Amino acid sequence: MSAEAADREAATSSRPCTPPQTSWFEFLLQESLLEKHLRKPCPDPAPVQLIVQFLEQASKPSVNEQNQVQPPPDNKRNRVLKLLALKVAAHLKWDLDILEKSLSVPVLNMLLNELLCISKVPAGTKHIDMDLATLPPTTAMAILLYNRWAIRTIVQSSFPVKQAKPGPPQLSVMNQMQQEKELTENILKVLKEQASDSILVLEAALKLNKDLYVHTMRTLDLLAVEPGMVNGETESSTAGLKIKTEEMQCQVCYDLGAAYFQQGSTNPAVYENAREKFFRTKELIAEIGSLSLHCTIDEKRLAGYCQACDVLVPSSDSTSQQLTPYSQVHICLRSGNYQEVIKIFVEDNLTFSLPIQFRQSVLRELFQKAQQGNEALDEICFKVCACNTVRDVLEGRTISVQFNQLFLRPNKEKIDFLLEVCSRSINLEKASDTLKGNMAAFLKNVCLGLEDLQYVFMISSHELFITLLKDEERKLLVDQMRKRSPRINLCIKPVTSFYDIPASASVNIGQLEHQLILSVDPWRIRQILIELHGMTSEREFWTVSNKWELPLVYSSVILGIKDNLTRDLVYILMAKGLHCSTVKDFSHAKQLFAACLELVTEFSPKLRQVMLNEMLLLDIYTHEAGTGQSGDRPPSDLISRVRGYLEMRLPDIPFRQVISEECVAFMLNWRENEYLTLQVPAFLLQSNPFVKLGQLLAATCKELPGPKESRRTAKDLWEVVVQICSVSSQHKRGNDGRVSLIKQRESTLGIMYRSELLSFLKRLREPLVLTIILSLFVKLHNVREDIVNDITAEHISIWPSSIPNLQSVDFEAVAITVKELVRYALSINPNNHSWLIIQADIYFATNQYSAALHYYLQAGAVCSDFFNKAVPPDVYTDQVIKRMIKCCSLLNCHTQVAILCQFLREIDYKTAFKSLQEQNSHDAMDSYYDYIWDVTILEYLTYLHHKRGETDKRQIAIKAIGQTELNASNPEEVLQLAAQRRKKKFLQAMAKLYF
């Protein structure tokens, strides 16, 4: 549209009209009607919505006759729209609090830039280079408004923002939100670069000694009617809305203070500037009064800022007596004077001046420092917690869990300190009955929670306890203590000593058994068992805990030990060691196993070898959980011990199958293929099925790079696995001579059961070994006759393509194994694109199309830096793309189907055109047109929308075709770059939908 045509349209739209015949927007273009609308009590739309609508219309790009997007034209209509937006802001008296709350950063940035433009601020001139004192009042005020907004926006962006709960994913909405986010980030980047200049401009404004003026609706009308007279009118002292010097300085001081305070997190020296500005703001508010129309300061927030500055930067001329308690605590924490903090808290228990939330935050800070390894703070934490607890008690709150945890193990020092805090926290002469009652109840509860009579006596004989509790209450307390334990004999009057009353034998045995269950120190366990066997010879103490479990092969040997003490000790040490190993407490497990090994070496070579085997397994676990995770190879002596175990020929030694599994898996994981293929003794291949399986896997890995004819081991491995996955059927002949199938069961002809095979495979972590075994099971899954959708896998071609007896294979078990192996492999490495494709194919084969798309997209993302690089063609093969197309089609996302058809080596126009004809599409349809780079598809879209009479969508398609980078005359490199850019954006958009 030309500028003249736009002017004619604007002139036409300004003629009088009535709301029913036009939209409210066109209706309000008449300036006289705008003022009437704004004067309504509750105008609809609201003023801030008008600003947004006016500026959006004024900034809308145009399309020329060649369908090229042009910047917004500078015609009369757009100038009127911008002026109307400014007039609405003037109606709101340029209140930044209202504008910031209701307008986004890009819209407010556009509005204030228009204000600068209409206020005759020269474009391209830095505000810092302009002398505010010589500028017209409205120009100076426009510069101040912009720079105030700039630093307020920077400060606001540093605050955490609660993310809005997202609704259903809609690509068009997501794209719009992403564009606004990027635009906001770009504006913030510019504002932060200019922050120092904005601060200098505002500092210069504080030196002005004249009143300023801001544009009103009247002055803006004058600008519109006669731009030449503007300077003469606005430079006078009566034009616009008058802003007194004190009001302007108050707002500027507050905004500068907030900016300095925000900078203080990286430069603490700036806090001094913030303090100065905030206290100056308080002085100016006192001068102006709280009824100012043009100075709106959140006084509660200002008070918070001042209090924080008092803590962070105490006044240099203040003495410690003049400091607030907040400042004193902060200074003590920074200097490490924790005893002074405790003193302040004890004194505050009398005055209640510090909020309990502040006291709790100090305790949390001390806890964090203590947990970081500063053990000296443990005592300080208890003392601060005790002070807070007494404060809670006095105010009638419940006692915190932290105090109960810290007071689990009381001692004389803790009791003394607690009594001291209680005594100093209450003035008995002035305290109310409520305070005294709260304190008395607390002391009684402390007594009832103590088990040691000595500590009970310390409290009950204290002067505060005697003063607060009457004789009847003390007698009642003694009765309660006596009921709790019949052997306790408390005197009402203080006594100087206690008698040690011996506990019964049954109590002592119970206590020792409790210690035996909890202890993991082998020497303490031995000592406890000696004491227990000295008390009674009738008990079997290895049965004390039902958690002490040993494998049957071990327990049958250990329980055959004749000496009861030795039997209990060996059993408990091994059981505790196995438990510690299971929960990955390897240090204690090693101590327990070492003690057990030393014990059994004296009398049982068989148990000695058992312990050596368990310690070998423990060392494997320790390495795998430690340095092995970072890729460090195990020490050579550990590899030698593993070999020694595998080659061991001691038939009467009890062994656990898990040790064999772990040893073979250990050799495979650390690529000891040479040993497994060439050096392993022949007898091991016959006697140990895991060694046989490991040898086949290692040999297949070695032969993999060679020609297909040399892969004999792969065929042997295939036959072994097929045999394991086979089933045998049992038949029975009936009285009528018919043969009926009774049931199928797992074949016993394999070298191991399928469950044992799966358990072994889940101990592997070497990527190549996992890839080979996965491809084997995938191939086995694909050979069944009723398979519809094959699963693809790397190296799948090395396996045979058929099985002589298909009926013998349990394909349901194979399918379950494939799923479990893929799940396990992805837990080891979730970024392996080959495994991700297998997982996607599994979901595709089971008609779970959304999940399949998730994994197809994830496979492409992990090997292309989230699609910032091209996805390798061996990952997104034509088969993968076709499956993605089918997933989208069955999910009714037909526009996505058309776009994916472009990804094929030969574009599938037939499928693309057929999908675009579908009108019941669940995707964003025309929002995806920007991702289409094939002009033929775009031309078909244009024809299709024209045929349907969908003008808006046809224009979007025409706009997409008109992009210069899609011109067929461009060099091939330009066309490929355009296609790659659209592929990237489309796949990223798809990932956001399905991840």
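Rules of the game
Residues numbered from 1 in each chain as written. Predicted model: local features only at pLDDT ≥ 70, side-chain atom pairs only at ≥ 80, totals over all residues. Heavy atoms only, no water. UniProt positions renumbered as here; feature names shortened; annotations may be inferred. Helix = DSSP H or I, 4+ residues; strand = E, 2+ residues; numbered from the N terminus. Buried < 20%, exposed > 50% of the residue type's maximum accessible area, 1.4 Å probe, protein only. Axes fitted to C-alpha atoms, helices over the stretch in contact; angles between N-to-C directions. Left-handed = near helix turned anticlockwise from the far one by under 90°. Contact = heavy atoms within 4.5 Å. Nonpolar A, V, L, I, M, F, W, Y, C, P; charged D, E, K, R; others polar. Core = buried A, V, L, I, M, F, W, Y, C linked by side-chain atoms within 4.5 Å.

- An unreviewed UniProt entry annotates the protein as Integrator complex subunit 8 originating from Bos mutus grunniens.
- In its Sequence similarities (unreviewed entry) section, UniProt records this for the protein: "Belongs to the Integrator subunit 8 family."

### Focus: unusual backbone geometry
Next up, step 1: In this structure, Phe-352 is a non-glycine residue whose phi angle is positive, near 55°.
Next up, step 2: Relative to the assigned elements, Phe-352 resides in the loop between α17 (338-351) and α18 (356-371).
Next up, step 3: Judged by its relative accessible area of 31%, Phe-352 is partly exposed.
Next up, step 4: Notably, Phe-866 is not glycine yet its phi reads approximately 55°, a positive angle.
Next up, step 5: Along the chain, Phe-866 turns up in the loop between α42 (849-862) and α43 (878-890).
Next up, step 6: For Phe-866, a relative accessible area of 33% puts it in the partly exposed group.

### Re the packing of helix α36 (residues 689-703) against helix α37 (residues 712-724)
Next up, step 1: Closest axis-to-axis distance for the α36/α37 pair is 8 Å, and the angle between their directions is 145°. Crossing hand, α36 versus α37: left-handed. Residues Leu-693, Leu-696, Leu-697, Ala-699, Thr-700 and Glu-703 of α36 form the contact with α37, whose participating residues are Arg-712, Thr-713, Ala-714, Asp-716, Leu-717 and Val-720.
Next up, step 2: Residue composition of the contact of α36 with α37, grouped by class: seven nonpolar, two polar and three charged.

### Section: the environment of Ala-140
Next up, step 1: Examined against the element boundaries, Ala-140 turns out to sit in helix α8 (residues 137-157).
Next up, step 2: As a C-alpha pair, Ala-140 and His-127 span 13 residues in sequence and 9.7 Å in three-dimensional space.
Next up, step 3: In contact with Ala-140, other than residues within four places in its own chain, are Leu-132, Leu-135 and Leu-212.

### Quick word on the environment of Pro-551
Next up, step 1: Relative to the helices and strands, Pro-551 is located in the loop between α27 (522-535) and α28 (552-558).
Next up, step 2: The spatial distance from the C-alpha of Pro-551 to the C-alpha of Arg-656 is 7.9 Å, given a sequence separation of 105 residues.
Next up, step 3: Aside from chain neighbours lying at most four places away, what touches Pro-551 is Leu-578 and Arg-656.

### A short note on the environment of Tyr-753
Next up, step 1: Residue placement: Tyr-753 occurs in the loop between β6 (739-746) and α38 (754-761).
Next up, step 2: Overall, Tyr-753 belongs to the partly exposed group, its relative accessible area being 41%.
Next up, step 3: In this structure the C-alpha to C-alpha distance between Tyr-753 and Ile-724, which are 29 residues apart in sequence, comes to 6.1 Å.

### Re the nonpolar core
Next up, step 1: Counting 163 residues, the largest nonpolar core has Leu-646, Phe-760, Phe-777, Leu-780 and Tyr-876 as its most contacted members.
Next up, step 2: By size, the runner-up hydrophobic cluster in this structure holds 78 residues, among which are Leu-55, Leu-116, Met-130 and Cys-295.

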